Amino acid sequence: MFPDLGWRPEPIRFAVPGQTGAVTVRAAVVAALRDAGGLLLPQECAVCSRTGVACCVGCRPELQTLVRTVHGLAVHSGAVWDERTAAILRGLKEDGRTGLARVLSPALGAALRRAAAGQRVAVVPIPTGAAAFRRRGYRVPDLLLGRLGVPAVRLPASS
Ligand SMILES: [Zn+2]
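This structure is a prediction, so every number in the text was calculated from the model and none was measured.

A. Geometry of the nonpolar core. Grouped together as the largest cluster of nonpolar side chains are 16 residues, with contacts concentrated most on C55, I88, L92, L100 and L144. Looking at this core, the elements with two or more residues in it are helix 2 (83-94), helix 3 (101-116) and helix 5 (140-148). For L100, the residues in contact, after removing those within four places along its chain, are A46, A54, C55, I88, G91 and L92.

As structure tokens, this is what we get:
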């Protein structure tokens, strides 16, 4: 047989509308099927299950910029963390409901504006785990930041 020269094919990557960065073919197919499913299956509110909407107006998170100091660092948030916010985030992260990024991105935008205070800032999301990315086919921070037109900055892995 042939000797193993250590070469492994790189996954084919390309751009998908609404997502920043290149994604694998598998992730693009998952996103396309999800979009197609949204046309065929009725939506329901991620919080109260009312049909016809991804999240009803009354179930949207309460936007409020909050600043707390944790271990000497200012931590900014843009929404009150409650059952509604948790249900929406769970739908976005675990149920593949990427449309919920539209509901949560205003909270992130408010927190970023407050944190930046008019200065240029770089947003460095905590990296999505490889297993979570394979399962979801998307990165939640990229979806949220993409809706705001803010690029996610990736830092090189430290050695
Ligand atoms: Zn609702």
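B. Molecular detail of the coordination of the zinc ion. Around the zinc ion, the protein supplies C45 (SG), C48 (SG), C56 (SG) and C59 (SG) as donor atoms, at distances of 2.1 to 2.3 Å. In this structure, the zinc ion is coordinated by 4 donor atoms arranged in tetrahedral fashion, with angles at the metal of 100 to 116°. Each donor residue of the zinc ion lies on the same chain, and together they follow the pattern C-x2-C-x7-C-x2-C. Of this pair, C48 sits in the loop between helix 1 (25-40) and strand 3 (63-70) while C59 sits in the loop between helix 1 and strand 3, and the two are 11 residues apart along the sequence. Look at C48 and you get partly exposed, because its relative accessible area is 41%. With relative accessibility at 10%, the residue C59 sits in the buried group.

C. Representation of unusual backbone geometry. Of note in this structure, S49 is not a glycine but carries a positive phi near 70°. For S49, the location among the structural elements is in the loop between helix 1 and strand 3. Given the relative accessible area of 40%, S49 is considered partly exposed. Positive phi values are uncommon outside glycine, yet H71 reaches one of about 50°.

D. Inspection of a nonpolar patch on the surface at higher detail. A surface patch of nonpolar side chains, about 260 Å² in accessible area, is lined by V25, V29 and L33. Checked against the element boundaries, V29 lands in helix 1. Overall, the relative accessible area of 43% leaves V29 in the partly exposed class.

E. Representation of the pairing of strand 3 within the structure. As paired elements, strand 3 and strand 4 (residues 73-79) share 6 bridges and run antiparallel to each other. Within the sheet, the bridge partner assigned to V67 lies in strand 4 and is H76. Turn length for the strand 3-strand 4 hairpin, with the two strands adjacent in sequence and antiparallel, is 2 residues, and the turn residue H71 shows positive phi of about 50°.

Reading the values: rules and limits
- Residues numbered from 1 in each chain as written.
- Predicted model: local features only at pLDDT ≥ 70, side-chain atom pairs only at ≥ 80, totals over all residues.
- Heavy atoms only, no water.
- Core = buried A, V, L, I, M, F, W, Y, C linked by side-chain atoms within 4.5 Å.
- Buried < 20%, exposed > 50% of the residue type's maximum accessible area, 1.4 Å probe, protein only.
- Helix = DSSP H or I, 4+ residues; strand = E, 2+ residues; numbered from the N terminus.
- Contact = heavy atoms within 4.5 Å.
- Donors = N, O, S within 2.8 Å, 3.2 Å for Na, K, Ca; no water.
- Tetrahedral: all angles 85-135°; square planar, octahedral: opposite > 155°, others 65-115°.
- Patch = residues over 30% accessible without salt bridge, like charges linked within 9 Å, V, L, I, M, F, W, Y side chains within 5 Å.
- Areas by Shrake-Rupley, 256 points an atom, 1.4 Å probe, with all protein chains shown as cover.
- Salt bridge = Lys/Arg side-chain N within 4 Å of Asp/Glu carboxyl O.
- Pairing = 2+ DSSP bridges.

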